[in-house]
Amino acid sequence: QVQLVESGGGLVQPGGSLRLSCAASGRILNIYDMSWYRQAPGNKRELVARITSTGRTNYIESVKGRFTISRDNAKNTMYLQMNSLKPEDTAVYYCNADLVGPNFMRSDDYWGQGTQVTVSS
């Protein structure tokens, strides 16, 4: 079994910061890309940021310069540092991984349970 567990969400005022973590555990042979998605009420889930196994990153335009994605391959953990948060960043944030798990099967359909981020005064 493979599990992705997010942590670090919460309530923060506009302009504040939060750091999300996503820890992957279980029978993992290799992790390729890791990503953060978010979904606000009434909206589709959208890709926020992605990081490859070698550390290349990309972001959606609305978070560039404010969010930083990183990972610790030794710990199978990914992070999202979110600064200068805005009310429109309010959403449930999900981590996603493209990895080789049990039975040597590769899949990009591994998801965490989500963590709520609320930006409000």
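Residues numbered from 1 in each chain as written. Predicted model: local features only at pLDDT ≥ 70, side-chain atom pairs only at ≥ 80, totals over all residues. Heavy atoms only, no water.

Asks: Explain the overall build of the chain residue by residue, including any values.
Replies: Summing up its helical and strand segments, the chain has 0 helices and 11 strands in all. Overall, the chain shows an N-to-C arrangement of helices and strands of β-β-β-β-β-β-β-β-β-β-β. Its C-alpha radius of gyration of 14 Å places the chain within 12% of the 14 Å reference for a compact globule of 121 residues. Principal-axis analysis of the C-alpha atoms gives the chain an extent of 50 × 25 × 25 Å. Within the chain, buried positions represent 41% of all 121 residues. Summed over its atoms, the accessible surface of the chain is roughly 6600 Å², and 46% of this surface lies on carbon and sulfur atoms. Placing the 13 positive and 10 negative side-chain charges of the chain at their respective mean positions leaves the two points 3 Å apart. (Helix = DSSP H or I, 4+ residues; strand = E, 2+ residues; numbered from the N terminus. Rg over C-alpha atoms; globule rule 2.2 N^0.38 Å. Buried < 20%, exposed > 50% of the residue type's maximum accessible area, 1.4 Å probe, protein only. Areas by Shrake-Rupley, 256 points an atom, 1.4 Å probe, with all protein chains shown as cover. Lys, Arg positive; Asp, Glu negative; His and termini not counted. Charge placed at Lys NZ, Arg CZ, Asp CG, Glu CD.)

Asks: So what about the nonpolar core? Which residues, and what values?
Replies: Judged by nonpolar contacts, the single largest core of 30 residues is most densely connected at W36, F67, M78, L80, M82 and Y93. Sorting elements by how many residues they give to this core places strand β9 (residues 91–100) first, with 5 residues. Not counting chain neighbours up to four residues away, the residues in contact with M82 comprise G16, S17, L18, L20, R66, F67, Y93 and V117. (Core = buried A, V, L, I, M, F, W, Y, C linked by side-chain atoms within 4.5 Å. Contact = heavy atoms within 4.5 Å.)

Asks: Account for the side chain of T77, naming residues and giving values.
Replies: With respect to the helices, strands and loops of the structure, T77 is situated in strand β8 (residues 77–82). The class of T77 is buried, set by a relative accessible area of 9%. Engagement of the side chain of T77 in a polar contact is seen with the backbone oxygen of K75, the distance being 2.9 Å. Once residues within four sequence positions are removed from consideration, T77 is found in contact with C22, A23, R71 and D72. (Polar contact = N/O pair within 3.5 Å; in protein donor to acceptor, adjacent residues only side chain to side chain.)

Asks: Give me the sheet that holds strand β1 (residues 2–7): which residues, what numbers.
Replies: The pairing of strands in a sheet comes from backbone hydrogen bonds and takes either a parallel or an antiparallel form. If you trace the 4 strands from one edge of the open sheet to the other, you get β1-β3-β8-β7, paired in antiparallel fashion. Edge strands, defined here as strands with exactly one partner in the open sheet, are β1 and β7 (67–72). Ignoring which end each strand starts from, the neighbouring axes of this sheet average 15 degrees apart. Judged from the 6 bridges that link them, strand β3 (residues 18–26) and β8 form a sheet pairing that is antiparallel. Across the sheet, the residue bridging to S21 is Y79, located in β8. (Pairing = 2+ DSSP bridges. Axes fitted to C-alpha atoms, helices over the stretch in contact; angles between N-to-C directions.)

Asks: Tell me what's going on with the packing of aromatic side chains, and back it up with residues and numbers.
Replies: Following the criterion strictly, the structure yields 1 aromatic pair and no others. For the cation-ring pair, R19 lies above Y79, with the distance from its terminal atom to the ring centre recorded as 4.1 Å. A cation over an aromatic ring shows up here: R106 above the ring of Y32, its NZ or CZ 3.6 Å from the ring centre. (Phe/Tyr/Trp six-rings, centres within 6.5 Å; stacked < 30°, edge-to-face > 60°. Lys NZ or Arg CZ within 6 Å of the ring centre and 35° of its normal.)

Asks: Which residues make up the pairing of β7, and what values do they have?
Replies: Taking every second residue as pointing to the same face, the buried face of β7 carries F67, I69 and R71, while none of T68, S70 and D72 on the other face is buried. In the sheet, β7 pairs with β8 via 6 bridges, with the strands oriented antiparallel. Note that in β8 the partner of D72 across the bridge is T77.

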